[in-house]
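# Residue-level structure breakdown
In case you want the letters, here they are:
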Amino acid sequence: QVQLIESGGGLVQAGDSLTLSCAASGRTFSTYAMGWFRQAPGKEREFVAAIRYSGGTTRYTDSVKGRFTISRDNAKNTVYLQMNSLKPEDTAIYYCAVGRVSFASTSIADFGSWGQGTQVTVSS
């Protein structure tokens, strides 16, 4: 059973930066893709970014391309999401997830274990 613990969320102003971290335990972390998703109030959970098991390939939703960077440190069983130039529309609960696959999938169906989420609020 994998456990994921996110951290790094908070309240920031538009244009600021935040780095989210997700520490994983209980599973062979380096074998699987990792992803970040977010859910805003009243909306469905949506894909944000994913990274291949080895870290060589990354995928992003269009709205965050050029602003967000996903990375991973397999030695530390941790995945990160560096978020720059934050916008009010980035406000959401951010979740990390472990993939059922090794490639950087954008499909929520390819992710099977979830963290508890961390709140990111961006004020205008």
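Coordinates for the structure precede this section.
Since we're looking at a predicted model, the values are computed, not measured. (Residues numbered from 1 in each chain as written. Predicted model: local features only at pLDDT ≥ 70, side-chain atom pairs only at ≥ 80, totals over all residues. Heavy atoms only, no water.)

### What about unusual backbone geometry?
- In this model, Asn77 sits at a positive phi of 50 degrees, which is unusual for a non-glycine residue.
- Checked against the element boundaries, Asn77 lands in the loop between strand E7 (68–73) and strand E8 (78–83).
- Within the chain, Ser85 stands out as a residue other than glycine whose phi angle is a positive 50 degrees.
- With respect to the secondary-structure elements, Ser85 resides in the loop between E8 and strand E9 (92–99). (Helix = DSSP H or I, 4+ residues; strand = E, 2+ residues; numbered from the N terminus.)

### Considerations on the side chain of Ser105
- Of note, Ser105 is situated in the loop between E9 and strand E10 (111–114).
- Within the structure, the side chain of Ser105 is placed 2.6 Å from the side chain of Asp110, a separation counted as a polar contact.
- If we skip the residues at most four places from it in the chain, Ser105 touches Phe47, Ala50, Asp110 and Phe111. (Polar contact = N/O pair within 3.5 Å; in protein donor to acceptor, adjacent residues only side chain to side chain. Contact = heavy atoms within 4.5 Å.)

### Digging into the nonpolar core
- Judged by nonpolar contacts, the single largest core of 27 residues is most densely connected at Trp36, Val79, Leu81, Met83 and Tyr94.
- Taken together, the elements giving at least two residues each to this core come down to strand E3 (18–25), strand E4 (34–39), strand E5 (46–51), E7, E8, E9 and strand E11 (118–123).
- When sequence neighbours within four positions are dropped, the list of residues in contact with Met83 reads Asp16, Ser17, Leu18, Leu20, Arg67, Phe68, Tyr94 and Val120. (Core = buried A, V, L, I, M, F, W, Y, C linked by side-chain atoms within 4.5 Å. Buried < 20%, exposed > 50% of the residue type's maximum accessible area, 1.4 Å probe, protein only.)

### Looking at the sheet that holds strand E1 (residues 3–7)
- Within the open sheet, the 4 strands sit side by side as E1-E3-E8-E7. Their pairing is antiparallel. Every interior strand has two partners, whereas the edge strands, E1 and E7, have only one. The average angle at which neighbouring strand axes cross in this sheet is 15 degrees, direction not considered.
- Bridging between E1 and E3 involves 5 bridges; their strand directions are antiparallel. (Pairing = 2+ DSSP bridges. Axes fitted to C-alpha atoms, helices over the stretch in contact; angles between N-to-C directions.)

### Let's talk about the pairing of E4
- Within E4, 5 of the 6 residues are buried, which leaves the element mostly enclosed by the surrounding structure.
- Bridge analysis of E4 against E5 gives 5 bridges, and the strand direction is antiparallel. If you follow Arg38 over to E5, its bridge partner there is Glu46.
- Between E4 and E5, which pair antiparallel and follow one another directly, the connecting turn spans 6 residues, one of which, Gly42, has a positive phi of 75 degrees.
- Looking at chain direction, E4 and E9 are connected through 6 bridges and run antiparallel.

Purely spatial values, then, with no claim about function.
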